[in-house]
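# Close look at the chain arrangement
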Amino acid sequence: MSTRPGLLLRLCALTALSVGLLFTAGAAQATPVNRPIAWGCANIFPNAGWCNVPTGLSGATAIAAGLDHSLALKGDGTVVAWGCGNPSADFGQCNVPGGLSGVTAIAAGEDYSLALKSDGTVVAWGCGFPTDFGQCSVPGGLSGVTAIAAGQVHSLALKGDGTVVAWGCDGAGLGLCNVPAGLSGVIAIAAGPSHSLALKNDGTVIAWGCAGGGDYGQCSVPGGLSGVTAIAANQYDSLALKNDGTVVAWGCGAGSLDFGQCSVPGGLSGVTAIAAGQAHSLALKSDGTVVAWGCGGAASNLGECNVPNGLCHATAIAAGFVQSLALAQLCQTIAFGQLPTETYGDPDFGVSATASSGLPVSLAASGPCTVSGAAVHLTGAGSCTVTASQAGDANYNPAPDVSQTFAIAKASQTIAFGRLANKTYGAPDFRVSARASSGLPVSFAGSGHCTVRGATVHLTGAGSCTVIASQTGDARHNAAPRVSRSFLIRLPCKVPKVAGKQLASAKRTIATRHCRTGKVGHAYSRKHGRGIVLSQSRRPGRVLPAGSKIDLVVSRGRRR
């Protein structure tokens, strides 16, 4: 057997074997525009750029991952290739032929690329010296092809009549081009570096190759395996997807070359597509999520099992040597906690929401509130809703808006209403004033011997008057506790004539007229005897405020 040096010893001798078909993730999934997303490629030097997806690939319909490069099929039938950034591993596999169009499927081998055209013909490129084993030499007259697969030193084509054509293998001697005689009824193919797989229309799998030291058990199809709907091939393992959504793996029998890629996670179900990489395996689930396993050991863990956080709505997957690919989106969510009840008049307060993408979140408010930046200002009472949004960017889809609603209670208020002085019945109307802490107008009512109109008090009699200040509130304020102020209303002092009366009698008369006796002075009198009031300070008949004082001068009698 003649092979290029180190053919089976290169860990980079990846499979590949993406047939480049579009795998649907389930009709229930949303169908926004997907684009290739790559992960892995960690700590590789030199980095060939496997994970550097070119911009502008939204709307790609298929992807494929090889040893040193990656491929994407665009909706217009053209092909984009990237990687090949390591000059020692650039064998032309990224040099898409000029004018190539009408492509319906793609496959990425170790050092070359394949494209299936809508007319059923195949185009190959790459295979630069010393990697040319004839795998790029498409057989003349090959037509009617419905699917393709690319390995390391060979290529496969599935024809519309269910037969398989293989080419390449020049000097490899691994038997992987020796299509079993009479093989027919094939509906899918896969190519690994040292073996080939075919899926038949009865749900069974046929494997060949694995000769000349390339047997790791990957050709030993498990007995009784049936109900298979898709297959994938790698250097050391094979994968089969069953019609019940479960995955079966076999191979990995080389001891140190078992990186866990054959250890299908327990409970894995709902799978719609599979892909086999060098040291890892991928499964696409019907909910559009991707599951990865393998990557055991430091040398084989290059991040290709670290599915990006937020990967969603995936429709296709591909697994390469150091990279994983998915036609998908990066979704994000917003974390925004509940907001507490507030009261109108409370100071502005800050709110915080974060996006899983780390992109900045914007806030908007509706109801009796406003938002400036992250500060919420209350403009009234009722219900305020703050909505957090993240519009996405070139990498992330917009996040679903998250709204938090909180109640704004009405503000309390008080009334400042000073005490009222006692009044005299008959006094002119007077005004009262009170102030509400809310600044809203205060209304007044009266009870007792008075009436209130607006803020003017009118006395209706002697006795007591109570003025009640109230503020009924509004859309922002609760009613204020009412404040009452009471005062006495006395009858006026009608000045009597007490001159000529005895002092005691004068005092009684003054009191009955709601006046008070003021200072009592004494003077000698020739006409009046002792104790007779000679004069009074107030003119009789005058009407004075209640309790007004009347000073008296009382006779001492004749001077002796």
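These numbers come from a predicted model, not from an experiment. In every chain, residue numbers begin from 1 and rise along the written sequence. Note on the predicted model: pLDDT of at least 70 is required for a residue's local features to be given, and 80 or more for side-chain atom pairs to be given and counted; whole-chain, interface and lining totals, by contrast, use all residues. With hydrogens and water stripped out, all remaining heavy atoms of the structure feed into the side-chain values.

## Details of the overall build of the protein
For the record, the criterion: Put simply, DSSP H or I for four residues or longer makes a helix, DSSP E for two residues or longer makes a strand, and each gets a number counted from the N terminus. Radius of gyration means the value over C-alpha atoms here, while the globule rule gives 2.2 Å times the residue count to the 0.38 power. Only protein chains enter the accessibility calculation, which uses a 1.4 Å probe; a residue is then buried when its area is under 20% of its type maximum, exposed when over 50%, and partly exposed in between. The contact criterion used is simple: two residues touch if any of their non-hydrogen atoms lie within 4.5 Å. Residue burial considers only the protein chains on display, and all accessible areas are found by Shrake-Rupley using a 1.4 Å probe.
On a plain count of helices and strands, the protein comes out with one helix and 44 strands. Relative to the globule expectation of 24 Å for 560 residues, the C-alpha radius of gyration of the protein, 50 Å, shows a markedly less compact shape. If you line up the protein on its principal axes, its C-alpha atoms span 170 × 45 × 40 Å. Residues counted as buried form 47% of the 560 residues belonging to the protein. Here the contacts in the protein between residues at least 6 apart in sequence split such that 57% fall between residues at least 24 apart. Carbon and sulfur atoms provide 51% of the accessible area of the protein, an area that totals close to 24,200 Å².

## Comments concerning the confidence of the model for the protein
What counts, and what does not: A score from 0 to 100, pLDDT tells how confident the predictor is in each residue.
When pLDDT is averaged along the protein, the result is 92; 94% of the residues meet or exceed 70. Here residues 1-31 is modelled with pLDDT under 50, and outside its nearest four sequence neighbours on either side it reaches 128 contacts, counting other chains as well.

## Some thoughts on the packing of aromatic side chains
Short version of the rule: In this analysis, rings of Phe, Tyr and Trp, with Trp reduced to its six-membered ring, are considered paired at centre separations within 6.5 Å, and the interplanar angle assigns stacked below 30 degrees, edge-to-face beyond 60, and tilted for intermediate values. Lysine and arginine charges are scored as sitting over a ring when NZ or CZ, respectively, is within 6 Å of the ring centre and within 35 degrees of the ring normal.
Tallied over the entire structure, the rule returns four aromatic pairs. Ring centres of Y216 and Y236 lie 4.9 Å apart, and the angle between their planes is 85 degrees; this geometry places the pair in the edge-to-face category. Taken together, the residues span a long stretch of sequence, with Y216 in the loop between β13 (205-209) and β14 (228-233) and Y236 in the loop between β14 and β15 (237-242) at a distance of 20 residues. Exposure class is identical for Y216 and Y236. Each is buried. Over the aromatic face of F430 sits the side chain of K423, whose NZ or CZ is 4.3 Å from the ring centroid. The aromatic ring of Y524 is capped on one face by R556, whose charged end is 5.9 Å from the ring centroid.

## Quick look at the nonpolar core
Quick reminder of the rule: Take the buried residues of types Ala, Val, Leu, Ile, Met, Phe, Trp, Tyr and Cys, join any two whose side-chain atoms come within 4.5 Å, and each joined set is a nonpolar core.
Ranked by size, the top nonpolar core spans 20 residues in total, and within it F417, V432, F444, V457, V467 and F487 carry the most contacts. Secondary-structure elements contributing two or more residues to this core are β36 (450-453), β37 (456-459), β38 (463-470) and β39 (483-490). Other than its neighbours up to four places away in sequence, V467 contacts F417, L420, V432, F444, A445, V452, V457, V483, S484, R485 and F487.

## Quick notes on the pairing of β13
As a general feature of sheets, a regular strand has side chains that alternate between the two faces. The criterion, for reference: What makes two strands pair is DSSP finding at least two bridges between them.
Bridge count between strand β12 (residues 195-200) and β13: five bridges; the pairing is antiparallel. Bridge pairing in β13 links H195 to G209. If you look at the hairpin formed by β12 and β13, you'll find four residues sitting between the two strands, and G203 has a positive phi there, around 85 degrees.

## Side note on unusual backbone geometry
Note that the residue after F45, namely P46, is joined by a cis bond; omega there is -5 degrees. Looking at the secondary structure, you find P46 in the loop between β1 (35-40) and β2 (62-65). At the junction of F129 and P130, the peptide bond is cis and its omega measures out at 5 degrees in the coordinates. Note that P130 resides in the loop between β7 (122-126) and β8 (145-150). With phi around 60 degrees, C127 is a residue other than glycine that occupies positive phi space. According to the relative accessible area criterion, C127 is buried, its value standing at 6%. The backbone phi angle of H313 is positive, close to 55 degrees, even though this residue is not glycine. Structurally, H313 is set in strand β20 (residues 311-319).

## Describing the sheet that holds β1
Definition in use: Note on geometry: axes are C-alpha line fits, over the in-contact stretch for helices, and angles between N-to-C directions span 0 to 180 degrees.
Spatially, the three strands line up as an open sheet ordered β1-β21-β20, and their pairing is antiparallel. Strand pairing shows two members of the sheet lacking a second neighbour, β1 and β20, which therefore form its edges. Between one strand axis and the next, the sheet turns through 35 degrees on average, direction left out of account. Relative to strand β21 (residues 323-330), β1 is paired through six bridges, and the arrangement is antiparallel. Paired with A38 across the bridge in β21 is L325.

## Digging into the sheet that holds strand β5 (residues 103-108)
Working definition: the strands of a sheet are paired by backbone hydrogen bonds and lie parallel or antiparallel to each other. The strand order β5-β6-β7 describes an open sheet built from three strands, whose pairing is antiparallel. Here the strands that pair on one side only, and so sit at the sheet edges, are β5 and β7. Within the sheet, the average angular offset between the axes of one strand and its neighbour, ignoring direction, is 20 degrees. Relative to β7, strand β6 (residues 112-117) runs antiparallel, the two being bridged by five bridges. Bridge assignment links S113 to a residue of β7, and that residue is W125.

## Remarks on the state of the cysteines
What counts is decided by this rule: Disulfides are defined in this document as cysteine sulfur pairs within 2.5 Å.
Summed over all chains, the structure comprises 11 disulfides. A sulfur-sulfur distance of 1.9 Å marks the disulfide that ties C210 to C219. Torsion about the S-S bond of the C210 and C219 cystine: about 85 degrees, corresponding to right-handed handedness. Taken as a pair, C210 and C219 share a single burial class, namely buried. One disulfide in the model links C369 with C384; its S-S distance is 2.0 Å. Its S-S torsion of approximately 85 degrees makes the covalent link between C369 and C384 right-handed. Residue C369 is located in strand β27 (residues 369-372), and its partner C384 is located in strand β29 (residues 382-390); the two are separated by 15 residues in the primary sequence. With respect to burial, C369 and C384 carry one shared label: buried.

## What to know about the pairing of strand β18 (residues 280-285)
The element β18 is extensively covered by neighbouring structure, given that five of its six residues are classed as buried. As paired elements, strand β17 (residues 271-276) and β18 share five bridges and run antiparallel to each other. Bridge pairing links A273 to L284 in β18. Linking two consecutive strands that pair antiparallel, namely β17 and β18, is a turn of three residues. As defined by bridge partners, β18 adjoins strand β19 (residues 290-294) across five bridges and the pair is classed as antiparallel. Within the sheet, the bridge partner assigned to L282 lies in β19 and is A292. Remark: four residues form the turn of the hairpin made by β18 and β19, two consecutive strands paired antiparallel; G288 in that turn has positive phi of roughly 85 degrees.

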